Amino acid sequence: MKKKKILLLLMAALLVITLSGCFDYRELNLLDIVTGFSIDRGTQGNYHLSFEVVNESGGESSGDSDGNSSESTVVESDGKTIFDAVRNAEKGSGYKLYFSHCEAIIISHQLASAGIAPLLSWINQDNELRLSLNLMISKANSAEEVLKLKSPLNSINSTALTQMLQDDAQTLSKIPQIQLYEANEELADEGVSLILPLIDHDPNQKKAPQFTGSALFKKDRLVGYLNADESQYLLMTRNAVKGGIIVLRDQQGNPGGSFEIKRLSTQIVPRVQKGKAEIAAKVQIENSLGEVMSNKRFGTQGEIQAIEQESEEQVKASLQTVIHSIQEKYDVDVFGFGRTISTHEPAYWAKNAAKWDTIFKTLPVQVSVEVKTSDSALAKSKIPVSD
Amino acid sequence: MAQQKAVLTFDLQENTKKIKALFQGDATLIARYFENRADSSIQCCAFYTDSMVENKLFNEDVIQPIQQYPFGRRGAADFIDVIAKCITLSDSVDKTNEIDKLVQAIVYGDTVLMVSGCNEALILNTKGWLIRSIAEPEDEKVLRGPREGFNESLLVNLTMLRRRLRTTELKMQYRVFGRRTQTQGCICYLEGVVDKEVLAELENRLNKFSLDSALDVNYLSEFIGDAPFSPIKTVGSTERPDVVAAKLLEGRVALFLDGTPVVLTVPHLFIEHFQSPDDYYLNYFFASIGRVLRLIGFFLSLSTPAIYVALVNFHQEIMPTPLLISVAKARQGVPLPTVFEAILMMTVFEILRETGIRMPNSIGQALSIVGAIVIGQSAVSARLVSAPMIIVVGITGITGLLNARIKGAVIIIRFILLILAAIIGLYGYMFGMMGLLLYLLNMSSFGVPVLSPLSTAKLQEQRDLFVRAPWWFMIRHPHFSDQPKERAKNGKRS
């Protein structure tokens with residue numbers, strides 16, 4: 001009798017496992033891996049989506065791996081909503097789009113001007129899409145044409161775009177890299193406005209993409225643009241600069257040298273006096289002197305300090321210009337001053353959060369910069385030039 | 001049921017008739033009649049089996065002295081004693097009147113000597129048959145260390161053991177197994193170190209052995225094992241005398257059997273599957289690396305197909321994008337689902353391995369060409385299987401060969417994990433591993449938990465588990481022996 005019971009138990013267990021299992025089973029070759037997609041406005045108020053799908057049959061047998069063969073194709077579809085368009089993409093092909101490896105989403109600037117919150121709804125809710133994918137705004141005529149631009153970095157366009165964003169943080173720090181979870185946070189937070197990287201055609205190579213600056217948002221609507229140099233100072237205020245170069249100008253205003261940022265940290269210190277708020281931004285830069293094109297000497301401590309002094313003033317001036325211009329032209333607090341005030345001066349914030357955008361326009365911002373040069377690369381002093 | 005034992009009578013004719021009747025139909029029984037030169041009333045008959053006897057011994061120790069000895073005036077009954085004590089040169093003499101014992105002696109190569117007028121016979125040691133020379137066992141090779149291995153003769157094996165343990169604490173007890181084969185076995189242990197309970201339990205279980213034959217020690221091990229339905233062994237086996245000596249010194253009990261070079265050792269812990277004698281003869285650093293590699297290999301051999309199937313079919317989001325893309329490309333056009341691909345390739349690998357064991361050397365080259373190149377490469381080119389699957393099965397197979405002793409269990413467990421992973425992905429694999437762990441935790445070998453020393457949770461006990469601690473650190477006997485105390489002076493070198 002005991003043996004019978006064990007046998008029955010075993011059969012029951014087997015049935016349970018096999019009948020309830022396999023619910024998530026997906027054969028690899030039936031998946032269309034989407035690495036990035038773009039959202040445009042289509043005809044008749046529809047959305048027009050283009051998906052970059054990895055080309056499964058590219059590279060026929062096991063030895064073929066030359067990167068020049070087109071590795072991805074673009075699948076287009078229309079739909080009344082984003083989800084509708086995604087499902088419509090399967091029309092007739094039988095393949096189900098697989099989004100877990102999607103890295104880049106490009107939104108056209110026309111759509112962004114109308115508001116991106118409704119676009120992000122499906123992206124957030126679907127279980128396959130990652131929160132760490134990168135959002136971008138296309139400054140070209142449409143987002144789709146940017147998705148189709150090929151970069152020499154990688155044969156899959158979206159991977160190339162992601163790589164460009166990541167490398168930029170280390171080498172240039174002029175383009176913000178905003179991932180989906182960060183965008184969600186900034187949209188929800190009253191004290192900061194969203195910025196997203198701008199992407200357009202590369203002016204030198206027509207067929208390649210290039211990031212050209214940042215886009216400023218009020219709530220979820222696109223309101224303004226910054227070019228790459230201004231974006232650098234914007235990122236500086238946001239404490240998001242990890243590298244890059246600052247160009248020094250000499251007395252005449254011509255470029256006289258450049259230093260490489262090794263470490264940059266910005267502290268935003270808010271102060272509330274008599275019901276009025278003030279911001280003091282303290283920037284500390286540790287740099288190395290990379291290039292001196294003018295006649296300046298940098299051999300002794302005093303000379304280096306003189307250069308540091310000059311660079312401090314120049315950076316401070318540029319920062320203040322950028323901050324003031326944004327304050328005047330747009331009423332969006334992209335720097336996150338409101339966020340800092342809400343943390344440090346909650347009483348003031350509770351009273352004034354609603355009118356923050358107006359207050360932001362006339363907010364006094366004091367910038368102070370401290371530069372420390374740790375080294376001058378391989379040269380101890382100015383390279384001598386003589387006949 | 002007490003049987004009357006058949007005994008000899010005083011009459012030589014009757015005795016010889018009895019013996020010949022028992023061996024009816026056996027043409028190798030030789031009866032040698034002879035008589036004493038001086039006194040022809042002393043008739044003798046010597047029985048032996050042809051070619052099991054060393055002829056020189058027989059002639060010089062048995063025939064020659066008895067023929068030439070001047071017996072004088074002694075009574076007939078004394079003849080046997082006189083022969084035993086004064087005449088025969090044989091090194092071992094036994095006197096008996098039981099026919100059973102005489103028959104046993106004849107079939108094992110001894111000579112039975114009967115004298116007219118005596119109701120007892122002598123059993124003289126004249127054994128001399130060919131045995132295999134001592135060679136290193138095929139599947140327990142070491143890089144450095146002794147290269148002796150047991151052979152099929154029990155006495156030679158016991159000798160090899162005794163040479164390494166020159167102490168009176170080494171006890172050897174004979175037992176006989178199998179009604180028809182009457183195979184001689186021997187239980188060995190070290191008196192002061194052995195776990196008495198294990199010894200008692202072993203004797204208990206051996207008493208239950210009920211087959212009529214014991215051709216190999218495996219017949220016994222299936223009777224005495226703790227988990228008879230389990231693929232994981234709870235009784236260890238080895239062919240090397242140095243390994244047996246080491247195990248005895250740790251408090252285990254060894255069981256020898258005549259006719260087989262394999263020796264059983266109990267209790268058998270799980271970690272012993274991964275210990276090799278090399279570990280103790282090489283520097284502890286390299287030995288530890290080897291041990292860790294074997295453990296990693298065991299883990300890989302179990303898990304690789306299961307994890308691959310789980311990741312590729314259920315959890316594609318975990319894999320890095322470039323890897324996923326190349327695997328997807330490789331799977332284009334392959335007709336079988338991943339699971340069946342895996343099972344197919346694993347079966348092919350096992351077939352190749354099994355063939356490799358049994359094939360004659362002359363077709364070895366052809367087999368490796370056919371197996372590796374033709375089947376593997378062509379299967380990929382013909383798109384029957386995908387290239388990543390070949391890599392997965394290759395890793396699985398090779399790491400499986402790394403631990404040859406546990407490969408039976410690994411094949412079964414690997415298959416189960418693969419099926420579980422194919423049904424519910426990584427969940428299935430994790431449940432499978434948890435189930436395996438629970439199963440192992442529940443197993444014990446002769447009272448000692450199979451996962452000790454890990455399960456004792458004492459640091460000193462872990463000295464030989466994942467790494468091999470230096471010899472000056474291993475100061476205690478294992479915890480299950482009777483004396484888990486210091487076996488060396490202190491734990492430091494000086």
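Residues numbered from 1 in each chain as written. Chains lettered and ligands numbered in written order. Predicted model: local features only at pLDDT ≥ 70, side-chain atom pairs only at ≥ 80, totals over all residues. Heavy atoms only, no water.

1. Looking at the environment of G290 of chain A
All names here are of chain A.
Logical step 1: Structurally, the position occupied by G290 is in strand β12 (residues 276–292).
Logical step 2: With relative accessibility at 52%, the residue G290 sits in the exposed group.
Logical step 3: For the pair formed by G290 and F259, sequence separation is 31 residues and the distance between their alpha carbons is 4.9 Å.
Logical step 4: Every residue in contact with G290, bar those within four places of it in the chain, is listed here: S258, F259 and E260. (Helix = DSSP H or I, 4+ residues; strand = E, 2+ residues; numbered from the N terminus. Buried < 20%, exposed > 50% of the residue type's maximum accessible area, 1.4 Å probe, protein only. Contact = heavy atoms within 4.5 Å.)

2. Considerations on the nonpolar core
Logical step 1: Of all hydrophobic cores here, the largest spans 79 residues; its most connected members are F37, F51 and F99 of chain A.
Logical step 2: When residues of this core are assigned to their parent elements, the largest contribution, 7 residues, is made by helix α9 (residues 301–329) of chain A.
Logical step 3: Those residues in contact with F37 of chain A that sit more than four places away from it in its chain are L49, S50, F51, F99, C102, A104, I105, I106, W122, I123, L129 and L147 of chain A.
Logical step 4: One finds Y98 of chain A together with M345, M346 and A422 of chain B within the second-largest nonpolar core, a separate group that totals 27 residues. (Core = buried A, V, L, I, M, F, W, Y, C linked by side-chain atoms within 4.5 Å.)

3. Here's the deal with the sheet that holds strand β13 (residues 365–375) of chain A
All names here are of chain A.
Logical step 1: Reading across the sheet, the 4 strands line up as β10-β11-β12-β13 and stay open at both edges, with mixed pairing between neighbours. Because the sheet does not close on itself, it has two edges, and the strands there are β10 (245–249) and β13. Adjacent strand axes in the sheet meet at a mean angle of 40 degrees when their direction is disregarded.
Logical step 2: As judged from the 16 bridges shared by strand β11 (residues 255–273) and β12, these two strands associate in the antiparallel manner. Within the sheet, the bridge partner assigned to F259 lies in β12 and is L289.
Logical step 3: α9 contacts β10, β11, β12 and β13 of the sheet and is inclined by roughly 145 degrees relative to β13. (Pairing = 2+ DSSP bridges. Axes fitted to C-alpha atoms, helices over the stretch in contact; angles between N-to-C directions.)

4. Here we look at the domain arrangement of chain B
Residues and elements named next belong to chain B.
Logical step 1: Taken domain by domain, chain B holds domain 1 (12–124), domain 2 (138–268) and domain 3 (293–445).
Logical step 2: The straight-line distance from the C-alpha centre of domain 2 to that of domain 3 is 35 Å.
Logical step 3: The interface of domain 2 with domain 3 comprises 9 residues on the first partner and 9 residues on the second.
Logical step 4: When the buried area of domain 2 at its contact with domain 3 is split by residue, D226, P231 and I232 rank highest and sum to 53% of it.
Logical step 5: Counting across the domain 2 and domain 3 interface gives 0 salt bridges.
Logical step 6: Remark: the boundary between domain 2 and domain 3 carries 3 residue pairs in polar contact (both at pLDDT 80 or more).
Logical step 7: For the side of domain 2 that touches domain 3, the per-class residue count stands at 4 nonpolar, 3 polar and 2 charged. (Domains from an automatic or database assignment. Buried area = accessible area lost by both parts, 1.4 Å probe. Salt bridge = Lys/Arg side-chain N within 4 Å of Asp/Glu carboxyl O. Polar contact = N/O pair within 3.5 Å; in protein donor to acceptor, adjacent residues only side chain to side chain. Nonpolar A, V, L, I, M, F, W, Y, C, P; charged D, E, K, R; others polar.)

5. Describing the interface of chain B and chain A
Logical step 1: Taken together, the contacts link 25 residues of chain B with 28 residues of chain A.
Logical step 2: Counting each side, the surface lost to burial between chain B and chain A is near 2,100 Å², with a carbon and sulfur contribution of 57%.
Logical step 3: For the interface between chain B and chain A, the tally reads 2 salt bridges.
Logical step 4: Residue E27 of chain A pairs with R331 of chain B through a salt bridge whose shortest N-O separation is 3.1 Å.
Logical step 5: Taken together, chain B and chain A are joined by 8 residue pairs in polar contact (both at pLDDT 80 or more).
Logical step 6: Those elements that place two or more of their residues in the side of chain B that touches chain A are α10 (284–313), α11 (321–330), α12 (338–358) and α15 (407–442) of chain B.
Logical step 7: If one sorts the elements of the side of chain B that touches chain A by residue count, α11 of chain B sits on top with 6 residues.

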